[in-house]
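Geometric and topological summary
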There are 4 protein chains.
Amino acid sequence: MPTILGQNQYGKAENRVVKITRDGDTHHIKDLNVSVALSGDLDDVHYNGSNANCLPTDTTKNTCFAFAKEYGIESAEQYGIHLARHFVDSQPSIHRARIRIEEYSWEHIGGSDSNAKFIGADEVKHSFVRKGQETRLAQITYDGEKFEVLSGLKDLTVMNSTNSEFWGYIKDKYTTLQEDYDRILATSLSTWWRHNWTSDEQRMPSWERSYEQAKKHILHAFVETYSLSLQQTLYQMGSRVINNRSEIDEIRFSAPNKHHFRQDLSPFGLDNEAKDGAVYYAADRPYGLIEATILRDGVEPKIPVDMTNL
Amino acid sequence: MPTILGQNQYGKAENRVVKITRDGDTHHIKDLNVSVALSGDLDDVHYNGSNANCLPTDTTKNTCFAFAKEYGIESAEQYGIHLARHFVDSQPSIHRARIRIEEYSWEHIGGSDSNAKFIGADEVKHSFVRKGQETRLAQITYDGEKFEVLSGLKDLTVMNSTNSEFWGYIKDKYTTLQEDYDRILATSLSTWWRHNWTSDEQRMPSWERSYEQAKKHILHAFVETYSLSLQQTLYQMGSRVINNRSEIDEIRFSAPNKHHFRQDLSPFGLDNEAKDGAVYYAADRPYGLIEATILRDGVEPKIPVDMTNL
Amino acid sequence: MPTILGQNQYGKAENRVVKITRDGDTHHIKDLNVSVALSGDLDDVHYNGSNANCLPTDTTKNTCFAFAKEYGIESAEQYGIHLARHFVDSQPSIHRARIRIEEYSWEHIGGSDSNAKFIGADEVKHSFVRKGQETRLAQITYDGEKFEVLSGLKDLTVMNSTNSEFWGYIKDKYTTLQEDYDRILATSLSTWWRHNWTSDEQRMPSWERSYEQAKKHILHAFVETYSLSLQQTLYQMGSRVINNRSEIDEIRFSAPNKHHFRQDLSPFGLDNEAKDGAVYYAADRPYGLIEATILRDGVEPKIPVDMTNL
Amino acid sequence: MPTILGQNQYGKAENRVVKITRDGDTHHIKDLNVSVALSGDLDDVHYNGSNANCLPTDTTKNTCFAFAKEYGIESAEQYGIHLARHFVDSQPSIHRARIRIEEYSWEHIGGSDSNAKFIGADEVKHSFVRKGQETRLAQITYDGEKFEVLSGLKDLTVMNSTNSEFWGYIKDKYTTLQEDYDRILATSLSTWWRHNWTSDEQRMPSWERSYEQAKKHILHAFVETYSLSLQQTLYQMGSRVINNRSEIDEIRFSAPNKHHFRQDLSPFGLDNEAKDGAVYYAADRPYGLIEATILRDGVEPKIPVDMTNL
């Protein structure tokens, strides 16, 4: 046979699992989009269509829903660890499971939503509004021995309306860009970070707190960095996370430069200087795309370059 | 000529106008997507391609940016009124202008964003995070005599995890739905409301406050209504807005019923009752779509049925 | 009661109905996205949540699937007429039904798809590739007496790489656009047209042939019109349809001007003239948006301005 | 310094380059979406914001447009090779360039488009309709010594309406799926394949013909395989490409199982058997997702698992 089978995986993608927990009159939501990918002794299903080693994708879907009920969803990571372990440990033909989760956050109406502060505490315990800001991400991979847990987020759109410059770059035959000493820096962050927890022999991090703190340090660095390049800002974000969170060894960013070009209003006799406040054109495409991994010194990088795929 | 020209309009759509205002060290953002549609003496441009009466769409774009600088953007409505008036009053061939605006909201990092509360007040004055919740809408139409101002919002996703029932409906040959006495009610609201301000002879409303209050009443009614049908909830939302805001005469909702079906876990020996907290499958398509107009008694409806187009 | 209920409608949207017909070994597909909207005696469901007059949206979904089996799908229009008639005629509380349908077209692999011409006729009778070009549209409304049938299409993207000019327009204070004597004209057409068939007393058109011919005339006019404005091209398309298809009385277009701007390559010492073939930047936003209705002389316009909603 | 910089890259993404070539009256289009990613001596731009080694993303954009004019676009691959070589060979600080390209295909109106066959040959030479079927993909990476060229496609949606079964799988506690002996097999293919051409010392393949042939073999295998699992179909597609195209060493597929569930019509007294033609519900989410690499025996796999990112 001149051709052979390489890496392969299968499973049910995008299971929209929503869990409501009732704590007296107060309800809580976990709203997840769960994708399962399994690998193992699956040559036969490819070579001749024998499904004897194949756990149907439909069964992986059922398991996602049943586990949400049986074991609850304390965090996306804890729930994913539970699922990954189940598939590998219960099925002899499955040797590796990868669970990817998107999590959408909701808040009680009348909580931090300032428009709804008027509403008395009693009424809002079961009423929610979707936050709409970033989507939280988790990926758990298990091979029967070790876990790899990645956490992350996407679509967190941030802007500094000053304290960003761009100059001193290479000028070649095709360069027309003007240097800028007061530009807008805006991006829609996608990022994954890797935890150094890999098995039950270690103490498991608090996944919820770890996420909150990682996001906080990313935002903190974005705010505090006087930026000479978006690369510099990414490095500051990443190193701040690594330096402050001992449970995280590696982080990768994919950051489109959401260009806000100062509109040329001189044909109409109007100044449009950044220092006075200005009018910008928010461009769609093309856009600069900056990607970087930041690592704890001495650890091996493991987050794939193509994880954010742009 | 056996064919004639009917209603027609043209203009530049989706101008992404971003205005930064600097108030000392504190910056403010207005982030708009502005679409212009003009009508008038434009038969010739259709019949024979003569552009003598045609103000180029490119010029309408330039005007959107220049007006943001010259006159500022106090609110989407005020800015749209200014633009609409300009096109009709300055161009003899233009008899009607319609300005449609989407507004995206941002908040200072470290403001109500709870993850960022740690950050000192000094640093955040020029750092923003996009809220991501609803998109605010405005449409201003001017015919040289009267204005029509619609305001609205889209993509405000809300959920009541209890206090919703559905029963007592018609059963025919094709009915299989079971009655439900404790269901999730979730929707992604799109709504437009019409102001009764039509000319400078009336006192102009505070557009920002009017928007905040209309949204507040919509949320308030959503929270408080024990719902026997999504239609009932919409009517409560609409009548609450009309009854509390004298500047608003008409409101129209388009509300997809974002179905959360309780997953059947009985094959796995698991109960999944709503009263205990339950696991739901968040379905994509199909979905119930409920649309309704609510009016102040005695006024004529003017918001088109097809404004939200689903 | 100071507020009253205005126009309202409800039903199941986006039912993804796929019908396979087997004609010996040859299979045929109808692939539809069907949305139902019903109106009638529905005040009570809004005012107090009584569902006694409410046919559940779930039942309307079941009916869409069952009718596809019981009566088949000869065309989107015929199927929609059947559904609309059923809801109004079988339910005393329903007085008006509107069925909207999107149709996706498939072709047999090895048919007109040139890459697959190699494949023998026997193998392809049940193998399909989705065409991916335009989406066909239909809307059928029935009030118990008359039908209104609209047909249309969206996302048909066409381009003339020459034979388009734009000059002779109004120049005002905000005009910076240069006149262009050889520009690209590209658009992504959305269009609805209205048939004059309204009841069984008239002979029903062949909906499939009518669609093919209307699309043919639109393309024909696009090809043949030496364009001095996109408005002129739209009028030519519309009048060609009205003049050649006696069953069609009215047509409305919504046509974004998909700008292809000649890139300025002069900083690099390169000419980039259209006459030599040129390099263009395909812009996203903003874009000119041109909308127009063309009518048979003497008929009343009925297609809503907001039907294409941009 | 406890943190270090790992893999990083930057460049302008999604440059929408459209090239028109005029061959007498006949025009040809190349319509590309080009993304540039550069790596090299870029530590300083991350550590302290010095841009001395940074070629601006704006310059990479200019280069994409200028090269389209100066050297033309014979194929996406040839054009990408040219760009990748330029960035690495002309900039001492750039050591690796990766060019990713999406290509959208157009056809002359009146060509194979059957609705337009009526149109005379003279008129259509500059009139185009966008095909809308699959998007063609290419990725070229160059490190100063070797090229790696991947070609591929996405969004090619195909269906077999019979000749697909699924049975004989693992049944565990969470399995509810029924075996199916006549199901629909539909998928929206994403695939990348790797060429073994790596430098000018080898004879360069004809990229256009290679693409056509690879696509043909994929479709051919889809048509001819009586499928017992989607995995089997993927393997047949891949091995057919490898066996027939000596220039291709490796291919990876990502294939969502676009479920078409036979609707249960038994509550309405209707049979709905596949053998008679049936009515199906085309589901959105969740969906089975099947991914696999097929390799020429003896070669090393290089296409990343996360290249198609689902």
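The structure displayed is predicted, hence computed values, not measured ones.

1. Details of the relation of the copies chain D and chain A
Mapping chain D onto chain A calls for a screw motion: a turn of 180° about the axis and a shift of 0.0 Å along it, with 0.0 Å RMSD after fitting. Here the transformation between the copies is reduced to the relation of a two-fold axis. In terms of proximity to the rotation axis, the leading residue of chain D is D306 of chain D, whose C-alpha is 2.8 Å off the axis. Mapped onto chain A, 100% of the interface residues of chain D again fall at the interface, so both copies present the same surface.

2. Side note on helix α3 (residues 76–90) of chain D
Residue and element names in this part refer to chain D. Relative to the 21 Å expected for 15 residues at 1.5 Å per residue, α3 spans 21 Å between its end C-alpha atoms, a close match to the ideal helical length. Taking burial as the measure, the 15 residues of α3 include 11 buried ones, the bulk of the element. Taken residue by residue, α3 has A76, E77, Q78, Y79, G80, I81, L83, A84, H86, F87 and V88 as its buried positions.

3. Some points on the nonpolar core
Residues V17, V34 and Y79 of chain A together with L189 of chain D are the most contacted members of the largest nonpolar core, which totals 74 residues. In contact with V17 of chain A, other than residues within four places in its own chain, are K30, D31, L32, V34, C64, F65, A68, I73 and Y79 of chain A together with V279 and Y280 of chain B.

4. So, the interface of chain C and chain B
Every contact between the two is made by 83 residues of chain C and, on the other side, 83 residues of chain B. Overall, the association of chain C and chain B removes approximately 7,100 Å² of surface from exposure, summing both partners, and the carbon and sulfur fraction of that is 50%. For chain C, the biggest contributors to the area lost against chain B are I170, Y174 and Y235 of chain C; these three give 11% of the whole. For the salt bridge of E14 of chain B with R285 of chain C, the shortest nitrogen-to-oxygen distance reads 2.9 Å. Where chain C packs against chain B, one counts 47 residue pairs in polar contact (both at pLDDT 80 or more). Broken down by element, the side of chain C that touches chain B gets its largest block of residues, 11 residues, from strand β1 (residues 3–13) of chain C. Looking at side-chain class alone, the side of chain C that touches chain B contains 34 nonpolar, 33 polar and 16 charged residues. One ladder, built from 9 bridges, connects strand β13 (residues 287–296) of chain B with β1 of chain C; its direction is antiparallel. Paired with G288 of chain B across the two strands is K12 of chain C, which belongs to β1 of chain C.

5. Focus: unusual backbone geometry
In this structure, the amide linkage connecting R285 of chain B to the following residue, P286 of chain B, adopts the cis form with an omega of -10°. Looking at the element boundaries, P286 of chain B is found in the loop between β12 (279–282) and β13. A positive phi angle is found at E14 of chain A, which is not glycine, with a value near 60°. Secondary-structure assignment places E14 of chain A in the loop between β1 (3–13) and β2 (15–23).

6. Looking at the interface of chain D and chain A
Every contact between the two is made by 83 residues of chain D and, on the other side, 83 residues of chain A. Summing both sides of the interface, chain D and chain A together bury roughly 7,100 Å²; the carbon and sulfur share of this comes to 50%. Looking only at chain D, the three residues that lose the most surface to chain A are I170, Y174 and Y235 of chain D, adding up to 11% of its buried area. Between the two partners, chain D and chain A, sit 8 salt bridges. Between K173 of chain D and E70 of chain A there is a salt bridge, with its nearest N and O atoms 3.7 Å apart.

7. Overview of the side chain of Q78 of chain D
Residue and element names in this part refer to chain D. Tracing the backbone shows Q78 in helix α3. Polar side-chain contacts of Q78 include one of 3.2 Å to the backbone nitrogen of E74. Leaving out residues up to four positions away in the same chain, Q78 has contacts with Y71, G72, I73 and W207.

8. What about the packing of helix α4 (residues 207–224) of chain D against helix α5 (residues 230–244) of chain D?
Residues and elements named next belong to chain D. Where α4 contacts α5, the axes come no closer than 8 Å and their chain directions differ by 140°. Taken together, the axes of α4 and α5 are oblique relative to one another. Helix-helix and strand crossings are classified by hand; for α4 and α5 the assignment is right-handed. In this structure, α4 contributes A214, H217, I218, H220, A221, F222 and E224 to the contact, and α5 contributes T233, Q236, M237, R240, V241 and N244. Class assignment for the residues of the contact of α4 with α5 results in 6 nonpolar, 5 polar and 2 charged.

9. Some remarks on the packing of aromatic side chains
Scanning the entire structure with this criterion turns up 44 aromatic pairs over all chains. Ring-pair connections join several aromatic residues into one group, and the members of that group are F67 and Y71 of chain A, F268 of chain B together with Y174 of chain D. One cation-aromatic arrangement involves R130 of chain D over Y104 of chain D; the distance from NZ or CZ to the ring centre is 4.4 Å. Directly above the aromatic system of Y211 of chain D lies the positively charged group of R136 of chain D, at a separation of 4.3 Å from the ring centroid.

10. Examining the side chain of N272 of chain D
Considering the arrangement of structural elements, one finds N272 of chain D in the loop between β11 (260–262) and β12 (279–282). A polar atom in the side chain of N272 of chain D sits 2.8 Å from the backbone oxygen of Q263 of chain D. Setting aside residues up to four positions removed in sequence, N272 of chain D forms contacts with K69 of chain C together with R262, Q263, L265, G277, A278 and V279 of chain D.

11. Some words on the environment of S266 of chain B
Within the secondary structure, S266 of chain B is located in the loop between β11 (260–262) and β12. Along the backbone, S266 of chain B and T293 of chain B are 27 residues apart, and their C-alpha atoms lie at a distance of 42 Å.

12. Topic: the confidence of the model for chain A
Looking at chain A, pLDDT values average 94 and 95% of them are 70 or higher. Predicted confidence is poor over residues 113–118 of chain A, with pLDDT under 50, and the contacts of this stretch with residues over four places away or in other chains come to 15 contacts.

13. Examining the state of the cysteines
For the structure shown, the criterion picks out 0 disulfides over all chains. Looking at the unpaired C54 of chain D, the closest cysteine sulfur is the one in C64 of chain D, lying at 15 Å.

14. With respect to helix α4 (residues 207–224) of chain B
The end-to-end C-alpha distance of α4 of chain B, which contains 18 residues, comes to 26 Å, matching closely the 26 Å that a straight helix rising 1.5 Å per residue would cover. Most of α4 of chain B is tucked away: 14 of the 18 residues are buried.

15. Section: the packing of helix α2 (residues 57–70) of chain A against helix α3 (residues 76–90) of chain A
Geometrically, a packed helix pair is captured by the angle between its two axes and the distance between the axes. Residue and element names in this part refer to chain A. Close contact between α2 and α3 brings their axes to 11 Å; oriented N to C, the two are set at 135°. Classified by the interaxial angle, the pair formed by α2 and α3 is oblique. Crossing of α2 against α3: the hand is right-handed. For the pair formed by α2 and α3, the contact residues are T60, T63, C64, F65, F67 and A68 on the first element and Y79, H82, L83, H86 and F87 on the second.

Procedures and definitions
- Residues numbered from 1 in each chain as written.
- Chains lettered and ligands numbered in written order.
- Predicted model: local features only at pLDDT ≥ 70, side-chain atom pairs only at ≥ 80, totals over all residues.
- Heavy atoms only, no water.
- Least-squares fit on C-alpha atoms with pLDDT ≥ 70 in both.
- Contact = heavy atoms within 4.5 Å.
- Helix = DSSP H or I, 4+ residues; strand = E, 2+ residues; numbered from the N terminus.
- Expected span 1.5 Å × (residues − 1).
- Buried < 20%, exposed > 50% of the residue type's maximum accessible area, 1.4 Å probe, protein only.
- Core = buried A, V, L, I, M, F, W, Y, C linked by side-chain atoms within 4.5 Å.
- Buried area = accessible area lost by both parts, 1.4 Å probe.
- Salt bridge = Lys/Arg side-chain N within 4 Å of Asp/Glu carboxyl O.
- Polar contact = N/O pair within 3.5 Å; in protein donor to acceptor, adjacent residues only side chain to side chain.
- Nonpolar A, V, L, I, M, F, W, Y, C, P; charged D, E, K, R; others polar.
- Pairing = 2+ DSSP bridges.
- Axes fitted to C-alpha atoms, helices over the stretch in contact; angles between N-to-C directions.
- Parallel < 35°, antiparallel > 145°, perpendicular 65-115°, else oblique.
- Left-handed = near helix turned anticlockwise from the far one by under 90°.
- Phe/Tyr/Trp six-rings, centres within 6.5 Å; stacked < 30°, edge-to-face > 60°.
- Lys NZ or Arg CZ within 6 Å of the ring centre and 35° of its normal.
- pLDDT = per-residue confidence, 0-100.
- Disulfide = S-S within 2.5 Å.

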